[in-house]
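Chains, contacts and geometry: an overview
Residue-level listing of the chains:
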Amino acid sequence: MSKYILSFDAGTTSSRAIVFNREGETCSVAQKEFTQIFPQNGWVEHDPLEIWATQAAVAAEAIAKLGISGEDVAAIGITNQRETTIVWDRTTGKPLYNAIVWQDRRTAEYCDELKSKGLLPVIRNKTGLIIDAYFSATKIKWILDNVAGAREKAAKGQLAFGTVDTWLVWQLTKGETHITDVSNASRTMIYNIHTQEWDDELLEIFDIPRSLLPEVKASSEVYGHTTTNIFASRVPIAGIVGDQQAALFGQMCIEPGMVKNTYGTGCFILMNTGDEPVASKNNLVTTIAWRLNGKTSYALEGSIFVAGAIVQWLRDGLKIIRSSAEIEELATKVDDNGGVYFVPALTGLGAPYWDQYARGSIVGISRGTTDAHIARAALEGIAYQTMDVVNAMILDAGIGLKELRVDGGASRNDLLMQFQSNVLGETVIRPQTVETTALGAAYMAGLAVGYWSGVEEISRQWHVDATFAPDPSFDSQQAKRRWSDAVYRSQSWIKA
């Protein structure tokens, strides 16, 4: 049997490829950033051809680093930035427009129109989602309405829509396969998570022809084989799962009530709710976690739009650090935040506020405030946002938090993880492998081809790296009141 699983981790700012062995260990990694395009304020785009070019390049590089070939790869798993929307010509394979990224806010006013028409209940009941520019449906409609000739081509069945996973599989199979998985489909706002089908009523609301849509598959099955020249041999593509659901699986949060938070460009907190969807009463979304071995698992999710991105802004915008890794050292130069609170709502507030018109704010600045206070307040802002989502999750599920499993780049920041434990008042656990997103996709692919015998085998591969317990001396009540006040001052800012 082949020795390795290759994961494509198609992120928001970079493409990565990671090779895992049977023990779930990282054997090789390659990464390449791609261009972030900001045509107007609040618009965020990517070039789909650059996404594919960088993903193909890092796949080849990761394989070459290890000195292996496609024959040594048992299967490919794909995990991806979700909701990001691509529409392309089925014949030429050329995108009609840039990928509209999940962070993009151009359809915010249209979302307000839908709400004013009283459509929130029907959309929420069918999809588990709230009406927001975050999801794919309004982005698809925008492309069809604003790109010359798009509606005509769509009516003739000449166009294809996909999230990034669908686009990559199309490229890997040279247009032979147009599919997605249930986890990505559940993020589009046109997929019924109860019937597990594209929903005709929703397609009519958004004026989206069914002919655009990919076939929806399980998260773990063989979808097709590569036909590109990246590999000399045909490699099975056998796992697809949206990045946050992949991290939930990679963290082995496979029992109801288990919670993970991924600290990436944004923060994404998911709670496994088992085989029944839980309707949120506290502004979270209900989503499909995965479909494995014929069984669908669901999750509650809270999305925070800006987390690690605030560190990038401190580096590139404010220029108080030269690299993202420097923020912990700078923040530890002070004992506390000096009364400064940083609400990182650079692209609005996600769960549990869902305020498209909020903007970032730094409050409590005095003559004594330094760059270290601002750095510390930025990290604390990430933790406070997580606290807000976890509290909403506990109310929805009726289950107390026992622990929070963490992953993603910023989870390596010990100061942030300790503060996270302090504000939650609960234990935070970081695993030895923080590449849980790519690992979750690898597990899905490996299970599909028999590389691993089952979930029991891979569960034994999860090991703790560090545990953070709450500091009893931390005055959480006063800090939480200050945070709530800071959030209030940030809300509806550009509508005021």
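Scroll up to find the structure.
Right, let's walk through the structure included here. Worth saying up front: this structure is predicted, and the values here are computed from it rather than measured.

As a further point, take the sheet that holds strand S5 (residues 73–80). Across the sheet, which stays open at both edges, the six strands sit in the order S3-S2-S1-S5-S14-S13 with mixed pairing between neighbours. If you trace the sheet from one side to the other, it starts and ends with strand S3 (26–33) and strand S13 (220–225), each paired once. Each adjacent strand pair in this sheet contributes to an overall mean axis angle of 25 degrees, direction not counted. Note that S5 and strand S14 (residues 236–242) share five bridges and pair parallel. Directly across from asparagine 80, in S14, lies its bridge partner glycine 242.

Turning our eyes to something else, we now look at helix H12 (residues 371–397). Between its terminal C-alpha atoms H12 stretches 40 Å, which fits the 39 Å expected from 27 residues at 1.5 Å a residue. Counting buried residues in H12 gives 22 out of 27 residues, a clear majority hidden from the surface.

In this section: the side chain of asparagine 184. Structurally, asparagine 184 can be placed in helix H7 (residues 182–185). Looking at asparagine 184, its side chain comes within polar contact range of the side chain of asparagine 80, at 2.9 Å. With residues up to four places along the chain from it excluded, the contact list for asparagine 184 reads Asn80, Arg82, Thr163, Asp165, Ile240, Val241 and Gly242.

Before going further, it helps to examine the nonpolar core. One finds Ile190, Phe206 and Phe249 to be the most contacted residues of the largest nonpolar core, which totals 135 residues. Residue contributions to this core peak at 14 residues, all from H12. Beyond its immediate sequence surroundings of up to four residues, phenylalanine 249 is in contact with Ile254, Trp290, Leu292, Gly440, Tyr443, Met444, Leu447, Val455 and Ile458. In terms of nonpolar packing, the next biggest core, distinct from the first, is built from 35 residues, Ala10, Trp88, Ile179 and Ile240 among them.

A separate point is the pattern of salt bridges. What the rule picks out here adds up to 27 salt bridges. One salt bridge connects arginine 82 with aspartate 243, and the closest N-O pair in it is separated by 3.3 Å. Here aspartate 243 lies in helix H9 (residues 243–250) and arginine 82 lies in the loop between S5 and strand S6 (86–89), a separation of 161 residues in the sequence. Taking relative accessible area as the criterion, arginine 82 reaches 2% and is therefore assigned buried. The class for aspartate 243 is buried, based on a relative accessible area of 13%. Close ionic contact of arginine 210 with aspartate 200 constitutes a salt bridge, the shortest N to O distance being 2.7 Å. Residue arginine 210 is located in the loop between helix H8 (200–206) and strand S12 (215–217), and its partner aspartate 200 is located in helix H8; the two are separated by 10 residues in the primary sequence. On the basis of relative accessible area, arginine 210 is assigned to the partly exposed category, the value being 42%. The class of aspartate 200 is exposed, set by a relative accessible area of 51%.

A separate point is the packing of aromatic side chains. Following the criterion strictly, the structure yields 22 aromatic pairs and no others. Ring plane angle 90 degrees and centroid distance 4.7 Å describe the contact between tyrosine 451 and tryptophan 452, whose orientation is recorded as edge-to-face. Take tyrosine 451 and tryptophan 452: they sit in the same class, and that class is buried. Three or more aromatic residues joined by ring pairs form one cluster here, namely Trp102, Tyr134, Phe135, Phe268, Phe305 and Trp354. Note that arginine 106 overlies the ring of tryptophan 43, its terminal NZ or CZ placed 3.8 Å from the centroid.

In this structure, the second largest pocket spans a volume of roughly 360 Å³. Every element with two or more residues in the lining of the second largest pocket is listed here: H12, helix H13 (414–424) and helix H16 (476–490). Partitioned by chemical class, the residues of the lining of the second largest pocket number six nonpolar, five polar and seven charged.

Closest axis-to-axis distance for the H9/helix H14 (residues 436–448) pair is 7 Å, and the angle between their directions is 80 degrees. Put simply, H9 runs roughly perpendicular to H14. Seen from H9, the contacting residues are Asp243, Ala246, Ala247, Phe249 and Gly250; seen from H14, they are Thr436, Thr437, Leu439, Gly440, Ala441, Tyr443, Met444 and Leu447. Its residues assigned to classes, the contact of H9 with H14 shows eight nonpolar, four polar and one charged.

For the rest of this paragraph, the subject is helix H4 (residues 136–146). Taking burial as the measure, the 11 residues of H4 include nine buried ones, the bulk of the element. Buried positions along H4 lie against S6, strand S7 (99–100), helix H2 (108–116), helix H5 (150–155), strand S8 (159–162) and H8.

Pairing is mixed across the open sheet formed by seven strands, whose spatial order is S17-S18-S16-S15-S21-S22-S23. Every other strand in the sheet has two partners, leaving strand S17 (285–292) and strand S23 (464–468) as the edge strands with one partner each. Each strand axis lies, on average, 30 degrees off the axis of its neighbour in the sheet, ignoring direction. Pairing analysis gives seven bridges linking S17 to strand S18 (residues 295–304), with the strands arranged antiparallel. Paired with arginine 291 across the bridge in S18 is threonine 296. Each of strand S15 (259–263), strand S16 (267–274), S17, S18 and strand S21 (403–407) touches H9; the most contacted strand, S17, lies at about 60 degrees to it. On top of the sheet, H13 reaches S15, S21, strand S22 (427–431) and S23; it is set at about 145 degrees to S22, its chief contact.

Okay, the pairing of strand S2 (residues 14–20) next. The buried fraction of S2 amounts to seven of the seven residues, a majority that puts the element mostly inside the structure. Side chains Ser14, Arg16, Ile18 and Phe20 project from S2 onto one buried face, and the interleaved Ser15, Ala17 and Val19 project onto a second face that is buried too. For strand S1 (residues 4–10) and S2, the ladder comprises six bridges, and the chain directions are antiparallel. Counted as the bridge partner of aspartate 9 is arginine 16 from S2. Adjacent in sequence and paired antiparallel, S1 and S2 are bridged by three residues. Connecting the antiparallel pair S2 and S3 is a turn made up of five residues, with glycine 24 showing a positive phi of about 75 degrees.

The rules we used
Residues numbered from 1 in each chain as written. Predicted model: local features only at pLDDT ≥ 70, side-chain atom pairs only at ≥ 80, totals over all residues. Heavy atoms only, no water. Pairing = 2+ DSSP bridges. Helix = DSSP H or I, 4+ residues; strand = E, 2+ residues; numbered from the N terminus. Axes fitted to C-alpha atoms, helices over the stretch in contact; angles between N-to-C directions. Expected span 1.5 Å × (residues − 1). Buried < 20%, exposed > 50% of the residue type's maximum accessible area, 1.4 Å probe, protein only. Polar contact = N/O pair within 3.5 Å; in protein donor to acceptor, adjacent residues only side chain to side chain. Contact = heavy atoms within 4.5 Å. Core = buried A, V, L, I, M, F, W, Y, C linked by side-chain atoms within 4.5 Å. Salt bridge = Lys/Arg side-chain N within 4 Å of Asp/Glu carboxyl O. Phe/Tyr/Trp six-rings, centres within 6.5 Å; stacked < 30°, edge-to-face > 60°. Lys NZ or Arg CZ within 6 Å of the ring centre and 35° of its normal. 1 Å grid on protein atoms, 1.4 Å probe; cavity = no way out; pocket = protein on both sides within 12 Å on 5 of 7 lines; lining within 4 Å. Points joined across faces, edges and corners; volume = space filled by probe spheres on them. Nonpolar A, V, L, I, M, F, W, Y, C, P; charged D, E, K, R; others polar. Parallel < 35°, antiparallel > 145°, perpendicular 65-115°, else oblique.

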